[in-house]
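# Summary of the model geometry
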Amino acid sequence: MSDFQGVFPYLVSPIDHNGRILGDVLGRLASDLIKAGVHGLTPLGSTGEFAYLNRTQREAVVRATIEAADQRVPVIAGVASTVTADAVEQAKTYQALGANGILAILEAYFPLKDGQVEAYFRAIADAVDIPVVLYTNPQFQRSDLTLDVIARLAEHPRIRYIKDASTNTGRLLSIMNRCGDSIKVFSASAHIPAAVMLIGGVGWMAGPACIIPRESVRLYDLCRAGKWAEAMKLQRDLWRINEAFARFNLAACIKAGLQLQGYAVGDPVPPQSALGPADREAVGHILADVAKLKLEPV
């Protein structure tokens, strides 16, 4: 399970009003996603509200995901902190729980220099024996990874992937040209995944795959088969999901979609809030339209 490729949904973190992680709901969602054909699971990504959960809640999310996956697909657990020692401890804990990889995220309050950013990610990779995926998202992060830092980190034997959510496909080409085979690129939903696959990406990690798993897998399969005209047609049909994802709060949008599909995932963690009736109805209409798509075998 150390070779990651394909569709990895960023899982939501189901939680009740008392702050209890709903492991049974998460387990059902994870199992259903696997049955739908996804290639892996990523708890504690952006859609998983990692920034709003305490340590106990995060561990509960990772544990429930690993138990539900039952070694059928790899689980890449998100690690995020403003403190290097804390991030290292998280990574070690998730590996001990059975995670197959780490999605390394840097949170920062004060600005950091390149050397400090590099040291954070290198410390995480040094602490574990499983592959590490770098995650960079300038939209939410105070300190981003420069191309020079990415190139140096790509030389680490366990830093083998990057998920770049900069929305800059040219930056992805620069990463690929600088790093070659040393690091593989996952797309974000903010990019057009099919376009990233065309230029050499290996898949994508994104929240929308939680609510459209079969369609996401179909898109990936078309890309892998080189059926680019069909892939771009499906990409255009699915893009309304990504537009809704960008328009509304990330977790609120996906949690609303999952609730409409019968998953009692709860509301986003306050001070976030659930979608209002009109926005929830809009998400429902989009999902209904997507459900009408005919997905022929590749």
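Just above, that's the structure.
Residues numbered from 1 in each chain as written. Predicted model: local features only at pLDDT ≥ 70, side-chain atom pairs only at ≥ 80, totals over all residues. Heavy atoms only, no water.

## Things to note about the sheet that holds strand β5 (residues 159–164)
This is how it is decided: A pair of strands is treated as paired once DSSP finds two or more bridges between them. Strands are runs of DSSP state E lasting at least two residues, helices are runs of H or I lasting at least four, and both sets are numbered from the N terminus onward. Fitted lines through C-alpha atoms serve as axes, helices being fitted only where they are in contact, and the angles separating the N-to-C directions of these axes extend from 0 to 180 degrees. Note on contacts: a residue pair qualifies if any of its non-hydrogen atoms lie within 4.5 Å across the two residues.
Spatially, seven strands are ordered β1-β7-β6-β5-β4-β3-β2 in an open sheet, and the strand pairing comes out parallel. For this open sheet the edge positions go to β1 (6–9) and β2 (76–81), each flanked by a neighbour on one side alone. Across this sheet, the average inter-strand angle for adjacent strands is 25°, counted without regard to direction. When strand β4 (residues 132–136) meets β5, the two strands line up parallel, connected through five bridges. Note on β5: the bridge partner recorded for Val 133 is Tyr 161. With respect to the sheet, helix α6 (residues 169–179) is in contact with β4, β5 and β6 (184–187), its orientation differing from that of β5 by roughly 170°.

## Considerations on unusual backbone geometry
Pro 271 follows Pro 270 through a cis peptide bond whose omega is 15°. Take Pro 271: it is sitting in the loop between α10 (250–260) and α11 (277–291). Not every positive phi belongs to a glycine, and Leu 44 is a case in point at roughly 65°. Inspection of the secondary structure puts Leu 44 in the loop between α1 (23–35) and α2 (55–69). For Gln 71, which is not glycine, the phi torsion reads 65° and is therefore positive. Looking at the secondary structure, you find Gln 71 in the loop between α2 and β2.

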